Amino acid sequence: MRGRKGGTEFGPFRLFPAERRLLKGETPVQIGSRALDILIALVERAGEVVPKHELLARVWPDVTVEESSLRVHVAGLRKALADGNDQARYIVNVAGRGYTFVVSPADVAPLPARISSGASLQRPARVIGRERDIDAIAELLAAHRFVTVHGAGGIGKTTVGLTVGAVQALAVADGVCFVDLGLNSGVHTASDAVASALGLAVRASDSTENVLSFVRHREMLVVLDSCEAMIDAAAALAERLVQEAPGVAILATSREPLRARGEHVYPLAPLTQPPEGTAPTAAELLAFPAAQLFCERAVASGYLAGLDDADAVIVADICRRVDGNALALELAASRVCTYGLSQTAELLDSHMKLAWQGRRTAPPRHQTLNAMLEWSYALIGEHERGLLRQLSVFAGAFALEDARGVAEGGDEAVIALEQLVLKSLVATDTSVQPQRFRLLDTTRAYAKAKLLESGAVDEVQRRHARHYLDLMHRFGDRAAVQPEHVTNIRTALEWAFSDAGDGEIALALATCACDLFLRLGMLKDCRNWSERALAALSPNLVGSRHDMVLRSALGHAMMFMDGSPGAAREALEHALGIADQLNDTVHQFRLLGGLHMYHRRMGALGELLPIGRRAEAIASLLGGAATVAAQAMLGVSHHLNGDLVQAHAALVAVRDTPADPDALGSFYGFYRDARVLLARTLWQRGFPDQAAEAAALDETWIDERKEPVTACLGLIWGVTVYYLRGDWGIAEDYIDRLVRLASEHSLRPYKWFGMALRGALQLRRGDVDAGVSNLRESLRLLKEGRYDIFTPWLTCCLAEGLAARQDTDQAFRLIDEIKPDPGARPNVYMPEFLRVRGVILAQMGDVPAAEHAFRASLDMADDLGALSWRLRTVSSQASLRLKQGRLADAREALAETYGRFTEGFETLDLRTARALIAEIDARRGESAPI
């Protein structure tokens, strides 16, 4: 054993005998001198039985003491090591002989050389007998990036995969993603499962591109567990990840190789057991990992008797009979406290022989995991069997409340569940509260087959569906929804809509689930199940609350997906008509919010204010968050229609009124905080510094992974403020965040806007050709996708860029395509449109037309109260007059407008205006105060 200064590591501990020092992590363990001597002696001879007289002679060399003193110090040592807690076992009493340190030399690993003296290494919980496998798999991953751990069910593939992942988490920059592909076989695709684990809100029919977009430039390890559940899809996904994401490594676990390009298969052998024909002593037995695992699990289940040589022979026989299969060993060990070693061995023999289907002459060590589960099933009582069958309907984890809701028996079911946990038929996770339970995939498949045999599968699935229907009715906000809830809701929906399902439950489930999926931003699920439910809606339910909620969910989902905009509007308006008939004010308000967002996206600004005012009237009946949401709606309407004074008042009121963000979101789509739109209003009114403060989206503002749509909206409004201020570094950062987030969640219009603004930023920085090309292509995509709210402004940016490279004819044709309605109130972008038109006309030599455009722009800016637009226009006008030699005219209007500002003097537009005034003054040969 080697290590730093002779140091040795076991579990979370590090022992330095020469320094007489024991550490747990980097913290010294307080331990007596005698106890430390005992530990050093045992570790030096790990795996051997150290007789008691030798320990007494070494620890008390010149003193005669009773054996009881040794027991007292060993007890203190065990307490310091937490021996026996959390399945940790280090020191075992060998009856009549002495003590042994049960960790073998392979387990007592030297400290890694790469760890410096001051470093702290937090290794995962001890995994028996797999250290060499873990190291070998890690080396293969480092060399080849794609490794499949291959072996039989129950052999420990998942445990090894989790442990490798925990170790690798220290070495990969972007962490480890663990995905159990056995959870939703037949419901989820492999790429959907990975996307869900990564927290991606998938909205495309094939989520592979979403996953690739997310991981392509990351350094991470993806662990695909139980690939046999969807072997072809897992192989295809793993192959693409390895080929297209050079920083990603894949660790798969499967009962069969994936047979994909680049795969390196690592066969996982059973835990080593004593060879046939041997009768090991107790000391010799504990050198074998299979025996170590069995003994530790037996002790953990309450078996406290010492292990003598006769017992060692029985344990060795049990290990061989189950062929070192970890799950079988744990199942057998859990019975030792009840039946003792000898009777457990007899039961094992009687229930396991001749169980290999099709090969009745196969030896016991070749028996299948199914046979092992059949044996464990026979050992439990009928009530426990019934519960195990019923628990098989859960997809993934479940809480105690869920088990009670699905299983029959009330308190008896709780007792039975406890027994199933103790007997390792149900796994438990106590790291979260309330604790979660889970059937291993092989156990679930076995129990589900038994449920089918019992003929009770439909009734149990009906109870499962009703339980999650009741649970959804009780969800207060998004925080109450756990990933396992969503997984089980999907499973319940699949059953309810199947031929064996229940139409009434299916409709109720879909109605609740689609509303939930919409709140969670799960638009793909929302659209899928609302469409299925509406297709199955009976004629007598047309116009019902179910019809209303499902159409509302469908319309909202289609608005952000690739569906027809007309179909989204039709669904929302149809749902609103039903809400009106039912006098359902909550849904009336929510649907008005959806329609408001729809028309805003379409650029139909004239529709916004009537919707906002109707929503305000309904909000007076609802109160609370609805009032805040209505003010936000009106603020948006006023802003986009150019009434900046009223927009400012409404948005400030929203900002300054406390409101529950979740309640606000449930009422009004994806609005959360009005301050980002307030920032645009502040900039336009001539308060650039206040606008920058309001546009700042710090890390606490929103969780991008949970609310990607809202986050994108905040980034869109915020980035325009920084772009207009000339804070191009911040703008570029916001653009990068927006494009990344929108790409990861298939929010294509938001991605196209980010790319368009990136092109506009290239223009402002002087990269005219690239900027024009990128902006032109992004505008085309935005127009095709009918995301028209920003296209007039972005068209102005493109036209000005074309003019900058002397393409004035193209620029004029482009700007001339924007045909404002002469009878409508000028919207918020109209002053800028007229300014750019004037710039292009001046460049074309039509000075009178340019002056006319500038005057119209100034009039509109004044009418809107848009001081910042006015400054831009008067600066362009001053540049034209400066070229004409009209210095006094140029300076007067520019200086007067500049003088209205009280802040923002270091922003781009004010610096430009100041430089123009200085140039005019220089040309006139005089200087006047600005």
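See above for the structure.
Residues numbered from 1 in each chain as written. Predicted model: local features only at pLDDT ≥ 70, side-chain atom pairs only at ≥ 80, totals over all residues. Heavy atoms only, no water.

1. Some thoughts on helix 33 (residues 748-764)
Let me state the cut-off plainly: Runs of E in the DSSP output that reach at least two residues are strands. Runs of H or I that reach at least four are helices, and both are numbered from the N terminus. To estimate the expected span of a helix, subtract one from its residue number and multiply by 1.5 Å. Note on definitions: a residue-residue contact is assigned when non-hydrogen atoms from the two residues lie within 4.5 Å.
Between its first and last C-alpha, helix 33 extends 24 Å over 17 residues, near the 24 Å set by a 1.5 Å rise per residue. Among the structural elements, helix 22 (545-560), helix 24 (585-602), helix 31 (708-725), helix 32 (728-744), helix 34 (768-784) and helix 35 (791-804) are those in contact with the buried residues of helix 33.

2. Side note on the packing of aromatic side chains
We count it as follows: Classification of ring pairs uses Phe, Tyr and Trp, with its six-membered ring standing for Trp, and accepts pairs whose centres are within 6.5 Å; under 30 degrees between planes counts as stacked, over 60 as edge-to-face, and the remaining range as tilted. Accessibility here uses a 1.4 Å probe with only protein chains present; expressed as a share of the type maximum, an area under 20% marks a residue as buried, one over 50% as exposed, and anything in between as partly exposed. To sit over a ring, a charge needs its Lys NZ or Arg CZ within 6 Å of the ring centre and within 35 degrees of the ring normal.
On inspection of all chains with the given rule, the structure shows 14 aromatic pairs. With a centroid separation of 5.1 Å and 80° between ring planes, the pair formed by W683 and W869 is classed as edge-to-face. Placement of W683 in helix 29 (residues 675-685) and of W869 in helix 39 (residues 867-884) is noted, with a sequence separation of 186 residues between them. According to the relative accessible area criterion, W683 is buried, its value standing at 3%. Following the ring pairs from residue to residue traces out a cluster consisting of W717, Y750, F753, Y787 and F790. The cationic tip of R680 hangs over the ring face of W793; the distance from NZ or CZ to the ring centre is 5.8 Å.

3. Some details on the side chain of Q684
By secondary structure assignment, the location of Q684 is in helix 29. Setting aside anything within four residues of it in sequence, one finds Q684 in contact with H639, L644, V828, G865, A866, L867, S868 and W869.

4. So, the sheet that holds strand 15 (residues 427-429)
Definition in use: Two strands are counted as paired when DSSP detects at least two bridges linking them.
A sheet is described by the order of its strands in space; here three strands give the open sequence 14-16-15, paired in antiparallel fashion. Each having just a single partner strand, strand 14 (398-399) and strand 15 make up the two edges of the open sheet. With three bridges connecting them, strand 15 and strand 16 (residues 436-438) associate as antiparallel partners. Pairing of T428 across the sheet is with F437, part of strand 16.

5. Some details on the nonpolar core
Within soluble globular proteins, side chains that are nonpolar tend to cluster in buried spots. The line we're drawing: Working definition of a nonpolar core: buried Ala, Val, Leu, Ile, Met, Phe, Trp, Tyr and Cys residues. They are joined through side-chain atoms within 4.5 Å.
Of all hydrophobic cores here, the largest spans 170 residues; its most connected members are L391, Y723, Y750, F753, F790, W793 and L794. Among residues more than four places away in sequence, those in contact with Y723 are W728, A731, L757, A760, L761, R764, W793 and C797. By size, the runner-up hydrophobic cluster in this structure holds 32 residues, among which are C177, A190, A193 and V248.

6. Thoughts on the packing of helix 39 against helix 40 (residues 887-898)
This is how it is decided: Axes here mean lines fitted to C-alpha atoms, for a helix over just the part in contact, with angles spanning 0 to 180 degrees between N-to-C directions. Angles are sorted into four bins: roughly parallel if under 35 degrees, roughly antiparallel if over 145, roughly perpendicular if 65 to 115, and oblique for all others. By convention the crossing between two helices is left-handed if the near helix lies anticlockwise of the far one by an angle smaller than a right angle, and right-handed if it lies clockwise. The nonpolar class holds Ala, Val, Leu, Ile, Met, Phe, Trp, Tyr, Cys and Pro. Asp, Glu, Lys and Arg form the charged class, and all remaining residues, Gly among them, are polar.
As a packed pair, helix 39 and helix 40 sit with axes 9 Å apart at the nearest point and diverge in direction by 165°. The angle between the axes of helix 39 and helix 40 places the two elements in the roughly antiparallel class. Considering only the axes of helix 39 and helix 40, their crossing is left-handed. Along its contact with helix 39, which presents L867, R870, L871, V874, S875, Q877, A878, R881 and L882, the element helix 40 presents L887, D889, A890, A893, L894, E896, T897 and Y898. Residues of the contact of helix 39 with helix 40, tallied by class, amount to 10 nonpolar, three polar and four charged.

7. Some points on the environment of E408
Examined against the element boundaries, E408 turns out to sit in the loop between helix 15 (400-406) and helix 16 (411-422). Of the residues examined, E408 reaches a relative accessible area of 52% and is grouped as exposed. For the pair formed by E408 and V460, sequence separation is 52 residues and the distance between their alpha carbons is 9.1 Å. Those residues within four positions of E408 in sequence are excluded, and the remaining contacts are H383, Q390, A413 and R463.

8. Some points on the sheet that holds strand 13 (residues 264-267)
Spatial strand order, 10-11-12-9-13: five strands in an open sheet with parallel pairing. The open sheet has two edge strands with one neighbour each: strand 10 (176-180) and strand 13. Neighbour-to-neighbour, the strand axes of this sheet turn through a mean angle of 20°, independent of strand direction. Across five bridges, the pairing between strand 10 and strand 11 (residues 220-225) is parallel. Bridging from a neighbouring strand, F178 pairs with V223 of strand 11.

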